[in-house]
Amino acid sequence: KDFLETIQENAGDGFVLVDDRGVIVYANRRMLEMQGLPRERYVGRLFTDFATKPEEAALWMDANRAIMAGASHRVRTEATMATGARLVLDIGMVRIERGGRPYVFSVVRDVTEEARLQAEQKFLLGSTRDLVYRHDTQGIFTYISPSVEALTGYPPEEWRVHYAKYMTDHPVNEKVAGYTEETLRTGRSRSPYLVEFYHKSGRRLMMEVAEQAFHEDGRIAGIVGVARDVTERYRADERQAVQQAVT
């Protein structure tokens, strides 16, 4: 018992126990740190006391009643702590029984930094004109940035296919499968190479691609890459080469 209590008290996540009246009967050290309150100012109070708006208190009370009835609940929410700090919290709640009485046990994780990074990543991916993508070891795209529609005319959902689907018959594409296989086999990033795709309108787009493998559970799980439209530059280089050849 003492061993489990020590683990619970020093856990990296916040633990909160609320009784059937909505009173907080236990909070571990991490939960108190997030709230910025000493134990005596947190434990023993109604958990709705810490809601910043009446409608928020009503939502939490409804969730508490549902969990008491046997449901489980998981939510990500932004909350204002007693210190005034705004935190993004990932909260999982479940009913437990102690001494014949029902309680709601909550695990509270501060994901503020994670949420900030996700928001920044979403902004950057939505703003960049370059194409950011990921495909699995079979070559099927599992993610492609929103910029793909402006670039190719096809929305992201139409790119949940093999990378070769929209490739043209241009000679530069003959080496693409070999480059992909090498990256998946060695796990090493490679120098940028060219790939030509069809635009939805039928015109051709020359893309410069930089890729590297990504890992999951210690194994190579696919490729992430960035593609940039170099059509105009490529066509200009072609014209210059032709001019040099005839002179």
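Provided above is the structure to which this section pertains.
Note that the coordinates shown come from a computational prediction; the quantities given were computed from them, not determined experimentally.

Thresholds, definitions, all that
Along each chain, numbering runs from 1 in the same order as the chain's sequence is written. Since the coordinates come from a predicted model, pLDDT governs what is reported: local features require at least 70, and pairs of side-chain atoms require 80 or more to be given and counted, while whole-chain, interface and lining totals use all residues. Side-chain numbers here rest on the full set of heavy atoms in the structure, without hydrogens or water. Ring pairs shown here join Phe, Tyr and Trp side chains whose ring centres sit within 6.5 Å, with only the six-membered ring taken for Trp; geometry is labelled stacked below 30 degrees between planes, edge-to-face above 60, and tilted in between. To qualify as a helix, a DSSP run of H or I must reach at least 4 residues; to qualify as a strand, a run of E must reach at least 2; elements of each kind are numbered from the N terminus. Each residue is assigned to one of three classes by its accessible area relative to the maximum for its type, calculated with a 1.4 Å probe on protein chains only: buried under 20%, partly exposed between the two thresholds, exposed over 50%. Charge over a ring is defined by NZ of Lys or CZ of Arg lying within 6 Å of the ring centre and within 35 degrees of the ring normal. The criterion is simple. A nonpolar core is a set of buried Ala, Val, Leu, Ile, Met, Phe, Trp, Tyr and Cys residues joined through side-chain atoms within 4.5 Å. In what follows, a contact means two residues having at least one pair of non-hydrogen atoms within 4.5 Å.

*Asks:* What's the story with the packing of aromatic side chains in this structure? I'm lost.
*Replies:* When we look at a pair of aromatic rings, we describe it by the centre distance and by the angle of the planes. A full pass over the atoms with the stated rule returns nine aromatic pairs. Consider the rings of Y133 and F141, whose centres lie 5.5 Å apart with planes at 90 degrees: the pair is edge-to-face. Centroid distance F141 to W159: 5.7 Å. Interplanar angle 75 degrees. Geometry classified as edge-to-face. Of the two residues, F141 is situated in strand β7 (residues 141-144) and W159 in the loop between α5 (147-152) and α6 (176-186); the sequence distance between them amounts to 18 residues. W159 gets classed as buried once you look at its relative accessible area, which sits at 2%. Every member of this aromatic cluster is reached through a ring pair, and the members are Y133, F141, Y154, W159, Y166 and F197. Its end group placed over the ring of F214, R134 keeps NZ or CZ at 5.5 Å from the ring centre.

*Asks:* Got a minute to help me understand the nonpolar core in this structure?
*Replies:* Nonpolar side chains in soluble globular proteins tend to end up buried together. If you look at the biggest cluster of nonpolar residues, it comprises 22 residues, and the most contacted ones within it are V16, I24, M31, M34, Y42, L89 and V108. Elements with a contribution of two residues or more to this core: β1 (14-19), β2 (24-27), α2 (29-35), α3 (54-68), β4 (86-98) and β5 (101-110). By residue number, the principal contributor to this core is β4, which donates four residues. Residues contacting V108, with those up to four places away along its chain left out, are D13, G14, V16, M31, M34, L89, D90 and I91. If you look at the next biggest cluster of nonpolar residues, it comprises 20 residues, including L151, Y179, F197 and L205.

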